[in-house]
Amino acid sequence: MASIFSKIICGEIPSYKIAEDDRYFAFLDINPIAKGHTLVIPKQETDYIFDLEDAELAGLHIFAKRVAQAVEKTVPCKRIAVLVSGLEVPHAHVHLIPLNREAEINVTAPKLKLPHEEMQEIAEKIRSNFE
Ligand code: 5GP
């Protein structure tokens, strides 16, 4: 069965899309821990990130770098944190999380509840900064 992220890639499930190329796809996390919290995934579905072929894993990070640069231009922050957990969704993904303090990397903290319009606006701004 296709993962929820594969359904997002093919448009079966809507997302706040940021960017894609032939191999990778980026979109806002639906339950962000910070404004601009973005997920970057390979289009080819693999559960565990360290089961990706080397070239696929390297490409994922290179694509994530371009996405992170766009997020950083959009959301005021000190750094973009990179987090890989993968305990919830069995489709390899990298979290990109705008960060000002280390304590903000807390995936168990209550998630932000942002209105649809604000998520759309954030996604649009990040998209416009994506090169
Ligand atoms: P992890 O697998 O890394 O522990 O967590 C999966 C992440 O995917 C969570 O941060 C969760 O909010 C996000 N997520 C789960 N389902 C969806 C979805 O349908 N759409 C989006 N945009 N994000 C999702």
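Quick note: structure is the one above.
Below is a short write-up of the structure. Keep in mind that what you see is a predicted model, and the values were worked out from it rather than measured. (Residues numbered from 1 in each chain as written. Predicted model: local features only at pLDDT ≥ 70, side-chain atom pairs only at ≥ 80, totals over all residues. Heavy atoms only, no water.)

Overall, the coordinates contain seven salt bridges when judged by the stated rule. Glu20 serves as the salt-bridge partner of Lys17, at 2.5 Å between the closest nitrogen and oxygen. By relative accessible area, Glu20 is classed as partly exposed at 36%. A salt bridge links Glu104 to Arg101; its shortest N-O distance comes to 3.9 Å. (Salt bridge = Lys/Arg side-chain N within 4 Å of Asp/Glu carboxyl O. Buried < 20%, exposed > 50% of the residue type's maximum accessible area, 1.4 Å probe, protein only.)

If you trace the five strands from one edge of the open sheet to the other, you get E1-E2-E3-E5-E4, paired in antiparallel fashion. The open sheet has two edge strands with one neighbour each: strand E1 (17-20) and strand E4 (79-83). The average angle at which neighbouring strand axes cross in this sheet is 20°, direction not considered. Taken together, the three bridges between strand E3 (residues 38-42) and strand E5 (residues 94-99) define a ladder with antiparallel strand orientation. Bridge pairing in E5 places Val40 opposite Val94. (Pairing = 2+ DSSP bridges. Helix = DSSP H or I, 4+ residues; strand = E, 2+ residues; numbered from the N terminus. Axes fitted to C-alpha atoms, helices over the stretch in contact; angles between N-to-C directions.)

Turning our eyes to something else, we now look at the site of the ligand. Near the ligand lie 16 residues; those nearest to it are Leu28, Asp29, Glu88, His93 and His95. The contact in question runs from an oxygen atom of the ligand to an N or O atom on the backbone of Glu88, over 2.9 Å. With respect to the ligand, the side chain of His95 contributes an N or O atom lying 2.7 Å from an oxygen atom. A per-class count over the shell around the ligand returns nine nonpolar, five polar and two charged. (Near = heavy atom within 4 Å. Polar contact = N/O pair within 3.5 Å; in protein donor to acceptor, adjacent residues only side chain to side chain. Nonpolar A, V, L, I, M, F, W, Y, C, P; charged D, E, K, R; others polar.)

Okay, the packing of aromatic side chains next. The final tally for this structure, using the stated rule, is five aromatic pairs. Each ring, one from Phe25 and one from Phe27, has its centre 5.9 Å from the other, and the planes form 55°; the classification is tilted. The same class applies to Phe25 as to Phe27, namely buried. (Phe/Tyr/Trp six-rings, centres within 6.5 Å; stacked < 30°, edge-to-face > 60°.)

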